[in-house]
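Residue-level listing of the chains:
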Amino acid sequence: MAPKELSVGEVARRSGVAVSTLHFYEAEGLIRSERTAAGHRRYGRDVLRRIAIIRIAQSVGLSLAEIAAAFATLPKGRTPSARDWTLLSQDWRDSLTARINQLTQLRDNLDGCIGCGCLSLETCPLWNDGDRLAKRGPGPQRMLDACALPANLKP
Ligand code: FES
């Protein structure tokens, strides 16, 4: 039977994250441990799920601050249930959908005019003649339109 609590070395080994990174996550409030009488850290096994989600979320571009804000909605003092994770994922839905849209736009439009003002492609005179899209604001206006970014994610 798997132990309920893990040492920092066991967490590092099972999660694939360096001990120094675990200490950093803990200092940032993303994970937490209890101390033994001898002062050694002990983690509940649910820390492995948190670390996995941190790594995946970071790999798709979420900041540690966004991850910390989401984790702050999880209950303290007990292992989060499936329902707790469902509520967290609902909070993240708009942000993740916006990122999916951005990545899709990037994948599908990297070879076309994105309305950024460079006028460097053959299609720019067609889609952004004379940089008329500059009137709408800075950045790649055609891509920003298509991404439908939430207000808090717009540049
Ligand atoms: S790609 Fe920059 S304005 Fe067309």
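Residues numbered from 1 in each chain as written. Predicted model: local features only at pLDDT ≥ 70, side-chain atom pairs only at ≥ 80, totals over all residues. Heavy atoms only, no water.

So, about the UniProt feature "domain: HTH merR-type" (unreviewed entry) in the protein chain. Under the UniProt annotation, "domain: HTH merR-type" (unreviewed entry) lies at residues 5–73. Secondary structure over residues 5–73 splits into 57% helix and 13% strand, and the C-alpha atoms at its two ends are 23 Å apart. (UniProt positions renumbered as here; feature names shortened; annotations may be inferred. Helix = DSSP H or I, 4+ residues; strand = E, 2+ residues; numbered from the N terminus.)

Another point: the side chain of Ser15. Relative to the elements of secondary structure, Ser15 occurs in helix α1 (residues 8–15). Judged by relative accessible area, which is 15%, Ser15 ranks as buried. Looking at Ser15, its side chain comes within polar contact range of the main-chain oxygen of Val11, at 2.7 Å. Once residues lying within four places of it in the same chain are set aside, the contact partners of Ser15 are Leu48, Ile51 and Arg55. (Buried < 20%, exposed > 50% of the residue type's maximum accessible area, 1.4 Å probe, protein only. Polar contact = N/O pair within 3.5 Å; in protein donor to acceptor, adjacent residues only side chain to side chain. Contact = heavy atoms within 4.5 Å.)

As a further point, take a nonpolar patch on the surface. A contiguous nonpolar surface patch, about 310 Å² in accessible area, is contributed by Leu103, Leu106 and Leu110. Secondary-structure assignment places Leu103 in helix α5 (residues 82–109). (Patch = residues over 30% accessible without salt bridge, like charges linked within 9 Å, V, L, I, M, F, W, Y side chains within 5 Å. Areas by Shrake-Rupley, 256 points an atom, 1.4 Å probe, with all protein chains shown as cover. Salt bridge = Lys/Arg side-chain N within 4 Å of Asp/Glu carboxyl O.)

Before going further, it helps to examine the sheet that holds strand β1 (residues 5–7). In spatial order, the strands read β1-β3-β2; together these three strands make up an open sheet with antiparallel pairing. Unpaired on one side and paired on the other, β1 and β2 (34–35) mark the two borders of the sheet. Sheet topology places β2 next to strand β3 (residues 41–44); two bridges connect them, and they run antiparallel. In the strand pairing of β3, Glu34 is matched with Arg42. This element, α1, spans β1 and β3 of the sheet and lies at about 90° to β1. (Pairing = 2+ DSSP bridges. Axes fitted to C-alpha atoms, helices over the stretch in contact; angles between N-to-C directions.)

Bringing the domain arrangement of the protein chain into the picture now. Domain boundaries in the protein chain define domain 1 (1–80) and domain 2 (93–155). Computed from C-alpha coordinates alone, the two centres of domain 1 and domain 2 are separated by 37 Å. (Domains from an automatic or database assignment.)

Another point: unusual backbone geometry. Positive phi is not limited to glycine here, since Leu119 has a value of about 50°. Within the fold, Leu119 resides in the loop between α5 and α6 (124–127). Here Asp131, not a glycine, exhibits a phi torsion of approximately 60°, which is positive. Inspection of the secondary structure puts Asp131 in the loop between α6 and α7 (141–147).

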